[in-house]
Amino acid sequence: MPAPARSTHPRSLIFQSEKRKIELYFPFLFMGVKVVKLDAEWRDVRLKLPLNHMSRNAGGVLFGGFQAQLADPIAALATARRFRNYASWTRKMEIDFIRGGDSDLELRFEFSEEREKEIEKELEEKGRATPEFEYAYYNDRNELVSKIVNTVAIRPIGYEKARSPPADGSHFG
């Protein structure tokens with residue numbers, strides 16, 4: 001009798017390591033993402049994004065969309081681990097594709113204690129923060145491939161964006 005298939009249902013992830021949870025995260029699972037390094041405090045994160053038949057574009061290099069998909073949540077996840085009494089999400093992200101990703105790529109993200117203290121201060125003063133993080137992808141020759149600038153919104157749990165009243169058209173003649 002064959003062994004039962006391993007479930008990736010969210011309840012089964014409770015028993016998985018943080019590294020394995022990232023690798024099993026549905027958007028990353030089929031991309032083949034592997035955790036190279038993940039310290040317990042999310043201060044140093046390194047993820048491998050493989051170049052394969054699914055991730056290779058017509059030019060023979062790694063699709064920019066794959067890079068964006070992996071880079072998007074990393075800063076928000078790191079801030080969520082550091083500031084557990086707040087909600088965090090990606091507000092804006094820019095990627096500068098410097099050279100083609102002609103090999104597996106390594107995403108390198110660092111979150112210093114100094115940066116954390118700056119964010120803590122802003123949260124204490126304003127009740128919210130919108131920090132910017134810079135990180136990057138490197139190829140297997142340790143060359144910079146893509147630079148990422150990711151802006152994270154850190155807000156009180158339950159925060160709702162202020163809304164303007166609807167325009168009634170009376171201001172236009």
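Every chain is numbered on its own, with residues counted from 1 as its sequence reads. Reporting in this predicted model follows two pLDDT cut-offs: at least 70 for local features of residues, and 80 or more for side-chain atom pairs to be given and counted; totals over whole chains, interfaces and linings ignore these cut-offs and use all residues. The side-chain figures draw on all heavy atoms in the structure; neither hydrogens nor water molecules are used.

## What to know about a nonpolar patch on the surface
Logical step 1: On the surface, Phe26, Leu29, Phe30 and Met54 cluster together into a nonpolar patch covering about 440 Å² of accessible area.
Logical step 2: Each helix is a run of DSSP H or I of at least 4 residues and each strand a run of E of at least 2, with the numbering of both proceeding from the N terminus. Inspection of the secondary structure assignment puts Phe30 in the loop between helix H2 (26–29) and strand S1 (34–38). For patches, a residue must show more than 30% relative accessible area and have no salt bridge; joins then use 9 Å for like charges and 5 Å for nonpolar side chains, namely Val, Leu, Ile, Met, Phe, Trp and Tyr. To measure how exposed things are, a 1.4 Å probe is used in the Shrake-Rupley method; for residues, cover is taken only from the protein chains shown. Definition used for salt bridges: Asp or Glu carboxyl oxygen within 4 Å of a side-chain nitrogen of Lys or Arg.

## Considering the packing of aromatic side chains
Logical step 1: Pairing of aromatic rings covers Phe, Tyr and Trp, the last counted by its six-membered ring, and requires centre-to-centre distances within 6.5 Å; plane angles under 30 degrees mean stacked, over 60 mean edge-to-face, and any other angle means tilted. Throughout the structure, instances matching the rule amount to 8 aromatic pairs.
Logical step 2: Ring centres of Phe26 and Phe30 lie 5.5 Å apart, and the angle between their planes is 85 degrees; this geometry places the pair in the edge-to-face category.
Logical step 3: Type-normalised accessible area, obtained with a 1.4 Å probe on protein chains alone, sets the label of each residue: buried when under 20%, exposed when over 50%, and partly exposed for intermediate values. Judged by relative accessible area, Phe26 falls into the exposed class, the value being 60%.
Logical step 4: With relative accessibility at 55%, the residue Phe30 sits in the exposed group.
Logical step 5: With 6.2 Å between their ring centres and 20 degrees between their planes, Phe63 and Phe66 make a pair best called stacked.
Logical step 6: On the basis of relative accessible area, Phe63 is assigned to the partly exposed category, the value being 35%.
Logical step 7: By way of ring pairs, the aromatic residues Phe109, Phe111, Phe133 and Tyr135 are connected into one cluster.
Logical step 8: The residue whose ring lies beneath Arg108 is Tyr138, and the NZ or CZ to ring-centre distance is 4.1 Å. Definition used: whenever NZ (Lys) or CZ (Arg) falls within 6 Å of the ring centre and also within 35 degrees of the ring normal, the charge is taken to sit over that ring.

## Topic: the pattern of salt bridges
Logical step 1: What the rule picks out here adds up to 17 salt bridges.
Logical step 2: With a closest N to O distance of 4.0 Å, Lys126 and Glu122 form a salt bridge. Placement of both Lys126 and Glu122 in helix H5 (residues 113–126) is noted, with a separation of 4 residues, approximately one turn of the helix.
Logical step 3: Relative accessible area serves as the criterion here: at 26%, Glu122 is assigned to the partly exposed category.
Logical step 4: Glu143 is the salt-bridge partner of Arg141, the closest N and O atoms lying 3.2 Å from each other.
Logical step 5: Taking relative accessible area as the criterion, Arg141 reaches 45% and is therefore assigned partly exposed.
Logical step 6: Judged by its relative accessible area of 29%, Glu143 is partly exposed.

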